[in-house]
Amino acid sequence: MPTLNQLKPGQTGIVSALRGDGAIHQRLQEMGIIEGASLEVIRMAPLGDPMEILVQGYHLSLRKSEAALVELA
Amino acid sequence: MPTTIAVIGNPNVGKTTLFNALTGLSQVTGNYPGVTVERKVGTLRINGTTAHLVDLPGTYSLAARSPDEMIVVDVLLSQQAGEDPIDAVLAVVDATNLDRNLYLVSQLKELGKPLVVALNMCDLADKRQIKIDTDVLSRELGAPVVRICANKRIGIDALNAALAAATHGAPTVHVNGPEFPEALTREVDALEARLNHGDHGLGRHVQRLEVFRLLVDRGGYVEARLSQADKDIAGSLDESRARAGAGASLAAIEARSRYAWIRQIVAAGVRKPTTRVTTVSDKLDAVITHPLLGTFIFALIMTIVFQAIFSWAGPLMDLVDAAFGAIGESVSAMLPEGMLQSLVVDGIIAGVGNVIIFLPQIMVLMFFIAILEDCGYMARAAFLMDKLLSRCGLSGQSFIPMLSSFACAIPGVMATRPIGNRRDRITTILVAPLMSCSARLPVYTLMITAFIPDTKVIGGWLNLQGLVLTGMYSVGIAVAIPVAWTLKRTILKGETPPFLLELPTYKLPQWGTVLRKVLRQGKEFIVRAGTIIFAVIVVVWALSYFPHSDEITAMFEAERAKVAASGMSEEEQSIAISEIDAEESGAHLRNSYFGRMGLAIEPLVRPLGWDWRIGMATIASFPAREVVIATLGTIFYLGSDVDETSDSLKTVLHESTRADGSKLFNIPVALSIMVFFALCCQCGATLAVIRRETQSNAWPVFAFGYMTALAYVAALFTYQFTTWLGWGVVT
Amino acid sequence: MSVEGVIVGLIVGACALYLGRHAYRMLMGKPGGACGCSDCPSKTVTPKTKGT
């Protein structure tokens, strides 16, 4: 199952599930990363981390370690 | 009792701008997540009655985990001490980003209070061809929706009318909020019934919203608070959760149900273009957050700021300087020689005047910081810096308070409130005061203009003075990184926090907001010079003037009499007398209470290249860093001939000598003073705020202790190393 | 004691008192607006506490 952190800038994906539990799991969903949401990776920060994505029509930055929790269909 | 309305919304939706437009209360807004860290209240006239408007911190959700979010939940539930119960809620949403913004609105539905939705940034939505039917939206949401454009003050009257209707008992259309799975609803019902049953330990009504959060947010704020009040609650919660979710995560169920409801509403009331429009903001971001260009632009912005501080503010400062020189001269001519003249000329004018000179520079610095905060750059800076900060065990979110601290550490410390984890928050609080705030600027500038040559370097592109200033600002950042790294591995051990940050759309800075910030900072500076600095300087003057022993005066009188009787030419006599006058001033100063204390501490500061006067000036600047300029002014003017008051402080410092007659100041001494002030925590207000924000006495003491130790060691190293390099030789 | 001495004594005394009050307020956690920041916590408008 591919995860969000494996995408390159310009690639898109649809969220199929979210791994993990607890606060970060909840926060990711509140920010709109839910099952069925489509994402696009915009770019990576200078040192390759964090990444900037487009989700629910806005720009969000998150680390690759958090992006690894997002499974894509 | 006046009506109370809470204003709530996601960060960056223009909530504070709308708040200003509604209440007319002068207030500052920014553009990065979490700027509204302080709860603000304003008054509003609706339908001839007064209503209180409470501005809540920006938040994405009511699942509270950070101190900011806890305040929001407490105010909404009328549990916040000192706040009236809420009668209605005004939710501000960003029209260009409705999906995510409506998430918070869907949670507000559960509060059961009258709700008004302000649809902000409608102009931007129009530009992006997002068509919103407010009537459909109102019907679907079950709350009036008003199109506004807060920064252009469009739709404010309509919003006022909607608020008036909502708070004066207009029948609200009852519309159900999101639909949750039956198992979850049933558990919430059961829990609500149990908590509000007579014999539990809370003794107050528990609202449905609170019950919902208790059940869904495992390890969240509501759970922590309620289980503290009633130990029985915690025991059965996990069972209820298992029943409600049937094994699945309740957070996921909540998010899915809410977004399903939102999708339904947006489908009915909003039409978006099918292809994504590339906005100006996107194009800007391609450059500003570009791996190479972005870092270069960051450095470029900083360099421009520091160069501008010198070149823009310079002429104005010379003007103020000259004005104070002239005032000093005319006052000394007006007052008879003696104590009072010395107090006014050596104390007040030399002390306070020398601080006021720096007003133009502080305003220039604030101008740049206000623009950066207002245009949305701060979140990008956090994005660029996250990797670096994550290596220290922090996240890019900690960078925003650090950047704000360049203006002043106090808003910086307060801007740490959106940081959820206490250890991360305290680490950020402890390193934020290392950033060079505007109060350090006068210290840097005085030392730089007096002792660093004004030469062009790198082919005439840059000025050496500006470069040294950039260096001083870098010292704070360079030291903050290892300090944070150490703290997170020792006393504040913990995992690296997650980093989830919205990158808001860039916008042109609102010049009104920028101007307000600059003027406010300028005003604060003048007020401080007129109150705290004035008071410190008068006390310092008194300590360095008295006891003003008659014996010493008599001794020098005798010397002067000797000169008069010696039969020298008139010219020779006047030279000899002015020498005696200077010696007399010095003798009085050394004999003063301040001088005696100074001689006692001199061994401590001598390794830094300082003499007792610099040492005492530094100690006296404990209330605020820029006081050191004032105390240096007073001490050095007192120790010299009164006639020299028209000379600027720069000149006086240049001419000062040590006991053996050698020049007191040289480049190593100036650098050592600057480095000390870059790293020390000579700021009573910062310590008071650290105490308040950490709710502990230990952290401010720790902050002061570690910063002073660091400052001492770094100044020692700077002085010894640069002297060894031979920079101390006067050319 | 001269008139000059009295004036100077009054000014110095008032300033010392002011500093004392300032230090006390700091210890009580009320920065009192002397910090010079644009978001002074002490300047926030808080509604009057009503008896609950």
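Residues numbered from 1 in each chain as written. Chains lettered and ligands numbered in written order. Predicted model: local features only at pLDDT ≥ 70, side-chain atom pairs only at ≥ 80, totals over all residues. Heavy atoms only, no water.

Peer 1: Would you mind going over the overall build of chain C with me for this structure?
Peer 2: Within chain C, the secondary structure is distributed over one helix and zero strands. Out of the 52 residues in chain C, the part that is buried amounts to 35%. Accessible area of chain C: about 3200 Å², with a carbon and sulfur share of 67%. (Helix = DSSP H or I, 4+ residues; strand = E, 2+ residues; numbered from the N terminus. Buried < 20%, exposed > 50% of the residue type's maximum accessible area, 1.4 Å probe, protein only. Areas by Shrake-Rupley, 256 points an atom, 1.4 Å probe, with all protein chains shown as cover.)

Peer 1: Can you walk me through the pairing of strand β4 (residues 58-62) of chain A in this structure?
Peer 2: The two faces of a sheet get side chains in turn, since along a regular strand they alternate between them. In terms of burial, β4(A) is a largely internal element, five of the five residues being buried. Taken together, the five bridges between strand β3 (residues 51-55) of chain A and β4(A) define a ladder with antiparallel strand orientation. Pairing of Ile53(A) across the sheet is with Leu60(A), part of β4(A). Hairpin remark: β3(A) followed by β4(A), antiparallel, with two residues in the connecting loop; positive phi at Gln56(A), about 50°. As defined by bridge partners, β4(A) adjoins strand β11 (residues 500-502) of chain B across three bridges and the pair is classed as antiparallel. Each bridged residue has a counterpart across the sheet, and for Ser61(A) the counterpart in β11(B) is Leu501(B). (Pairing = 2+ DSSP bridges.)

Peer 1: Looking at this model, I keep getting lost on the arrangement of the chains. Mind explaining?
Peer 2: Summarising the chain contacts, two pairs of chains touch, and the pair with the most contacts is chains A and B. Over all C-alpha pairs, chain A and chain C never come within contact, reaching a minimum spacing of 28 Å. (Contact = heavy atoms within 4.5 Å.)

Peer 1: What should I look at first to understand a nonpolar patch on the surface in this one?
Peer 2: Residues and elements named next belong to chain B. Among the surface-exposed residues, Val287, Leu293, Phe296, Leu300 and Ile304 lie close enough to one another that they form a single nonpolar patch of about 440 Å² accessible area. A per-element tally of the nonpolar patch places helix α13 (residues 291-334) first, with four residues. Its place among the elements puts leucine 293 in helix α13. Classification of leucine 293 by relative accessible area gives partly exposed; the value is 39%. (Patch = residues over 30% accessible without salt bridge, like charges linked within 9 Å, V, L, I, M, F, W, Y side chains within 5 Å. Salt bridge = Lys/Arg side-chain N within 4 Å of Asp/Glu carboxyl O.)

Peer 1: Help me out: how do you make sense of the side chain of Arg27(A) in this one?
Peer 2: For Arg27(A), the location among the structural elements is in helix α1 (residues 22-30). You can call Arg27(A) buried: its relative accessible area is 19%. Engagement of the side chain of Arg27(A) in a polar contact is seen with the side chain of Glu30(A), the distance being 2.8 Å. Not counting residues up to four positions away in its chain, the partners in contact with Arg27(A) are Ala63(B), Glu69(B) and Leu500(B). (Polar contact = N/O pair within 3.5 Å; in protein donor to acceptor, adjacent residues only side chain to side chain.)

Peer 1: How should I be thinking about the sheet that holds strand β1 (residues 12-18) of chain A in this particular structure?
Peer 2: Strand pairing in a sheet relies on backbone hydrogen bonds, with the paired strands running either antiparallel or parallel. As summarised here, the arrangement of the six strands in space is β5(A)-β1(A)-β2(A)-β3(A)-β4(A)-β11(B), forming an open sheet in which the pairing is antiparallel. Edge positions in the open sheet fall to β5 (70-72) of chain A together with β11 of chain B, since each of these has one partner strand only. Each adjacent strand pair in this sheet contributes to an overall mean axis angle of 45°, direction not counted. (Axes fitted to C-alpha atoms, helices over the stretch in contact; angles between N-to-C directions.)

Peer 1: Where do I start with the packing of aromatic side chains in this structure?
Peer 2: Given two aromatic rings, one states the distance between the centres and the angle between the planes to describe the pair. Residue and element names in this part refer to chain B. Throughout the structure, instances matching the rule amount to 17 aromatic pairs over all chains. On the basis of an interplanar angle of 15° and a centroid distance of 5.0 Å, the ring pair of phenylalanine 451 and phenylalanine 665 is categorised as stacked. Of the two residues, phenylalanine 451 sits in helix α20 (residues 440-451) while phenylalanine 665 sits in the loop between α28 (649-655) and α29 (667-679), which places them 214 residues apart along the sequence. You can call phenylalanine 451 buried: its relative accessible area is 9%. (Phe/Tyr/Trp six-rings, centres within 6.5 Å; stacked < 30°, edge-to-face > 60°.)

Peer 1: What is the right way to read the sheet that holds strand β7 (residues 145-147) of chain B from this model?
Peer 2: All names here are of chain B. Read across the open sheet, the six strands follow the order β2-β3-β1-β4-β5-β7; overall the sheet is mixed. What marks the edges here is a single partner per strand, and that holds for β2 (40-46) and β7. Going across the sheet, the axis of each strand differs from the next one's by a mean of 25°, ignoring polarity. Here β2 runs beside strand β3 (residues 49-55); their pairing, made up of seven bridges, is antiparallel. Within β3, the residue paired with arginine 45 across the bridge is threonine 50.

Peer 1: What's the story with the interface of chain B and chain A in this structure? I'm lost.
Peer 2: Interface size is commonly expressed as the accessible area that is lost once the parts come together. Counting from both sides, the interface comprises 44 residues of chain B and, opposite them, 34 residues of chain A. Both faces combined, the contact of chain B with chain A buries some 3300 Å², and carbon together with sulfur accounts for 55% of it. In terms of surface lost to chain A, no three residues of chain B exceed Phe383(B), Lys387(B) and Leu500(B), which account for 20% of the buried area on that side. Here chain B is connected to chain A by three salt bridges. A salt bridge links Glu69(B) to Arg27(A); the nearest nitrogen and oxygen atoms lie 3.1 Å apart. There are 14 residue pairs in polar contact (both at pLDDT 80 or more) connecting chain B and chain A. Elements with a minimum of two residues in the side of chain B that touches chain A: α3 (98-109), α8 (208-216), α11 (250-269), α12 (280-288), α13, α16 (377-391) and β11 of chain B. Per element, the largest residue contribution to the side of chain B that touches chain A is seven residues, and it comes from α11(B). (Buried area = accessible area lost by both parts, 1.4 Å probe.)

Peer 1: Help me out: how do you make sense of the side chain of Glu52(A) in this one?
Peer 2: Note on placement: Glu52(A) falls in strand β3. Among the polar contacts listed, one links the side chain of Glu52(A) to the side chain of Arg43(A), at a separation of 2.8 Å. A polar side-chain atom of Glu52(A) sits 2.7 Å from a polar atom in the side chain of His59(A). If we skip the residues at most four places from it in the chain, Glu52(A) touches Glu40(A), Val41(A), Ile42(A), Arg43(A), His59(A), Leu60(A), Ser61(A), Asp285(B), Thr289(B), Phe383(B) and Leu503(B).

Peer 1: Quick question: what am I supposed to make of the confidence of the model for chain B here?
Peer 2: Residues shown with low pLDDT carry predicted positions that ought not to be read at fine detail. Looking at chain B, pLDDT values average 83 and 94% of them are 70 or higher. Note on residues 26-37 of chain B: pLDDT is under 50 here. Beyond four places in sequence and across chains, it has 59 contacts. (pLDDT = per-residue confidence, 0-100.)

Peer 1: Looking at this structure, I do not really get the environment of Leu487(B). What am I missing?
Peer 2: Residue and element names in this part refer to chain B. With respect to the secondary-structure elements, leucine 487 resides in helix α21 (residues 464-489). Of the residues examined, leucine 487 reaches a relative accessible area of 6% and is grouped as buried. Not counting residues within four places of it along the chain, the set of residues in contact with leucine 487 comprises Thr427, Leu430, Leu492, Lys493 and Phe702.

Peer 1: Would you mind going over the pattern of salt bridges with me for this structure?
Peer 2: Where charged atoms from two side chains of opposite charge approach closely, those side chains can pair. Scanning the model with the defined rule gives 31 salt bridges over all chains in all. Put simply, Asp386(B) and Arg63(A) hold a salt bridge, and the shortest N to O gap is 2.7 Å. With Asp386(B) in helix α16 and Arg63(A) in the loop between β4 and α2 (64-67), this pair bridges two chains. For the pair Asp386(B) and Arg63(A), one class covers both residues: buried. Where salt bridges share partners, they join Glu110(B), Arg213(B), Asp217(B), Glu254(B) and Arg258(B) into one cluster.

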